[in-house]
Every structure is written in C-alpha cells, then in structure tokens.
Amino acid sequence: MNCYEEERKLKELTESFTENPRCLSEEEMEYLHFRLRPAVMVMIRQENVRGLERCSEMGWITAENIKDFVDIANRGQKPETLNYLLDYQYHHFPRVEKSFDL
C-alpha cells in the first residue's frame, strides 16, 4: 500500500470511527489503533474533535502520546483540536510537582 492509499484508507476509517465506531470491524479497529499517530494526524488536519473524543473514550490517548499530539496540533495551527487536547491533558494527566526536599 502506498502512502496515498494509506492516507485515503485512514480518512475513510477515521470518518466511520467518528460517526459510529461500532460499524468498524475488529480488524479495522486494530488497524486504527496500530496506526494511531497517522490517524490522529488526519483528525487534527480535519479539526475532527469528535474523532479525538472517540480515541479518548477508547483509552488510546495516553500520557505517553498526548504531548506528541498537542505538538502536531500546535504546529499545524489547528486551534480546535489543540484546545481539546490541552484540556484533555490538563484533566487526565496532571503535572506532577517535583520536590527537591531532603
């Protein structure tokens, strides 16, 4: 599969996933999860906040990957998705204050 075919497949899957994730097969859900970063990039480019919400509901947006997604939205100048991701990060992954006390 070349990059254009994959981009088209990801667009189709993210649209279906956004509307109703139950309509996707288990194989399609696994593919989306496996290709999460490119799928989220498609959602960010399209300002697809509902798709990001669905990813959050599935537990796919984690403390390990949210910083990368925030950076992608920020660099792409996508304020709606950036706002959603920053809000999600603030409420689900609070910053841990480091203590330097002995």
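Quick summary incoming for the structure in this document. (Residues numbered from 1 in each chain as written. Predicted model: local features only at pLDDT ≥ 70, side-chain atom pairs only at ≥ 80, totals over all residues. Heavy atoms only, no water.)

## Looking at the packing of aromatic side chains
(1) Moving on: In total, this model carries 3 aromatic pairs according to the counting rule given.
(2) Moving on: Ring geometry for tyrosine 84 against tyrosine 88: centres 6.0 Å apart, planes inclined by 25°, an arrangement best described as stacked. A residue pair is termed a helical-turn pair when its members lie 3 or 4 positions apart in one helix, as tyrosine 84 and tyrosine 88 do in helix H6 (residues 79-92) at 4 residues. Each member of the pair, tyrosine 84 together with tyrosine 88, is buried.
(3) Moving on: A ring pair is formed by tyrosine 88 and phenylalanine 93, whose centres lie 5.8 Å apart and whose planes are at 70°; its orientation type is edge-to-face.
(4) Moving on: Judged by relative accessible area, which is 12%, tyrosine 88 ranks as buried.
(5) Moving on: With relative accessibility at 23%, the residue phenylalanine 93 sits in the partly exposed group.
(6) Moving on: Of the aromatic side chains, those joined through ring pairs into one cluster are Tyr84, Tyr88 and Phe93. (Phe/Tyr/Trp six-rings, centres within 6.5 Å; stacked < 30°, edge-to-face > 60°. Helix = DSSP H or I, 4+ residues; strand = E, 2+ residues; numbered from the N terminus. Buried < 20%, exposed > 50% of the residue type's maximum accessible area, 1.4 Å probe, protein only.)

## Side note on helix H3 (residues 36-45)
(1) Moving on: Listing the buried residues of H3 in full gives Leu36, Ala39, Val40, Val42, Met43 and Ile44.
(2) Moving on: At the exit of H3 stands glutamate 47, carrying a positive phi of roughly 55°.

## Quick notes on the pattern of salt bridges
(1) Moving on: Under the defined criterion, the tally for this structure stands at 7 salt bridges.
(2) Moving on: Where arginine 35 meets glutamate 6, a salt bridge forms, and the shortest distance between an N and an O atom there is 2.5 Å. Of this pair, arginine 35 sits in the loop between helix H2 (26-34) and H3 while glutamate 6 sits in helix H1 (residues 3-19), and the two are 29 residues apart along the sequence.
(3) Moving on: Here glutamate 6 falls in the buried class, since its relative accessible area comes to 18%.
(4) Moving on: Between glutamate 53 and arginine 50 there is a salt bridge, with its nearest N and O atoms 3.0 Å apart. Of this pair, glutamate 53 and arginine 50 both sit in helix H4 (residues 49-57), separated by 3 residues, roughly a single helical turn. (Salt bridge = Lys/Arg side-chain N within 4 Å of Asp/Glu carboxyl O.)

Keep in mind these numbers describe shape, not what the thing actually does.
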